[in-house]
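# Secondary and tertiary structure notes
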Amino acid sequence: MNREEIILSIQDIIKTIAPDEDVSNLKTDLRLRDQIELDSMDFLDIVMELRKRYGVQVPEDDYKELATLDGCVAYLGPKLQGKTLKVGV
């Protein structure tokens, strides 16, 4: 997956978990929790959805790497290389 696909995937996962949130204008360099209403359970659901859709395991110590969309791209990029974008799953 490329940068744009990873961002689309994270946005789609957030829409699945928090359907009332508008993810279309998320800034890539700001913490997701500062831009939309995500509690710790929502964040855990995002991590679980990454595992379900793409088989990506994110250890608890690495959760901080997923705080921003830029962080998601940097952390997930190597793990999602060669994977196909799954939206609306």
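All figures in this text were calculated on a predicted structure; none of them were measured in a lab. (Residues numbered from 1 in each chain as written. Predicted model: local features only at pLDDT ≥ 70, side-chain atom pairs only at ≥ 80, totals over all residues. Heavy atoms only, no water.)

### Quick word on the overall build of the chain
Broken down by element type, the chain carries four helices and zero strands. Each helix and strand of the chain, placed in order from N terminus to C terminus, yields the pattern α-α-α-α. In terms of C-alpha radius of gyration, the chain reaches 12 Å, essentially the compact-globule figure of 12 Å for 89 residues. In terms of principal-axis extent, the alpha carbons of the chain reach across some 30 × 25 × 25 Å. A total of 89 residues make up the chain; the buried ones form 39% of that total. Just so you have it, the chain exposes about 5,200 Å², and 47% of that area is on carbon and sulfur atoms. (Helix = DSSP H or I, 4+ residues; strand = E, 2+ residues; numbered from the N terminus. Rg over C-alpha atoms; globule rule 2.2 N^0.38 Å. Buried < 20%, exposed > 50% of the residue type's maximum accessible area, 1.4 Å probe, protein only. Areas by Shrake-Rupley, 256 points an atom, 1.4 Å probe, with all protein chains shown as cover.)

### Notes on the packing of aromatic side chains
As enumerated under the stated definition, the model contains one aromatic pair in all. Where Phe43 meets Tyr63, the ring centres are 5.6 Å apart and the plane angle is 65 degrees; that geometry is what we call edge-to-face. Note that Phe43 is positioned in helix H3 (residues 40-54) and Tyr63 in the loop between H3 and helix H4 (69-79), a separation of 20 residues in sequence. Overall, Phe43 belongs to the buried group, its relative accessible area being 14%. (Phe/Tyr/Trp six-rings, centres within 6.5 Å; stacked < 30°, edge-to-face > 60°.)

### Concerning H3
Residues lying three or four places apart along an α-helix face the same way, a consequence of the helix completing one turn every 3.6 residues. The first and last C-alpha atoms of H3 sit 21 Å apart over 15 residues, in line with the 21 Å expected at 1.5 Å per residue. Within H3, the full set of buried residues consists of Asp42, Phe43, Ile46, Val47, Glu49, Leu50, Arg53 and Tyr54. All buried residues of H3 project into a common sector of 160 degrees when viewed along the axis, lining one side. Facing away from the buried side of H3 by over 90 degrees, the exposed positions are Ser40, Met41 and Lys52. On its buried face, H3 is in contact with helix H1 (3-17) and H4. The N-cap of H3, judged by a side-chain oxygen 3.0 Å from the amide nitrogen of Met41 a few residues on, is Asp39. At the exit of H3 stands Gly55, carrying a positive phi of roughly 70 degrees. (Expected span 1.5 Å × (residues − 1). Arc of directions from axis to C-beta. Contact = heavy atoms within 4.5 Å. Polar contact = N/O pair within 3.5 Å; in protein donor to acceptor, adjacent residues only side chain to side chain.)

### Some details on the packing of H1 against H3
With their axes 10 Å apart at the nearest point, H1 and H3 run at an angle of 120 degrees to one another. The orientation of H1 relative to H3 falls into the category oblique. Considering the relative orientation of H1 and H3, their crossing is right-handed. Where H1 approaches H3, its residues Ser9, Ile10, Asp12, Ile13, Ile14, Thr16 and Ile17 are matched on the opposing element by Asp42, Asp45, Ile46, Glu49, Leu50, Arg53 and Tyr54. Grouping the amino acids of the contact of H1 with H3 by side-chain chemistry returns seven nonpolar, two polar and five charged. (Axes fitted to C-alpha atoms, helices over the stretch in contact; angles between N-to-C directions. Parallel < 35°, antiparallel > 145°, perpendicular 65-115°, else oblique. Left-handed = near helix turned anticlockwise from the far one by under 90°. Nonpolar A, V, L, I, M, F, W, Y, C, P; charged D, E, K, R; others polar.)

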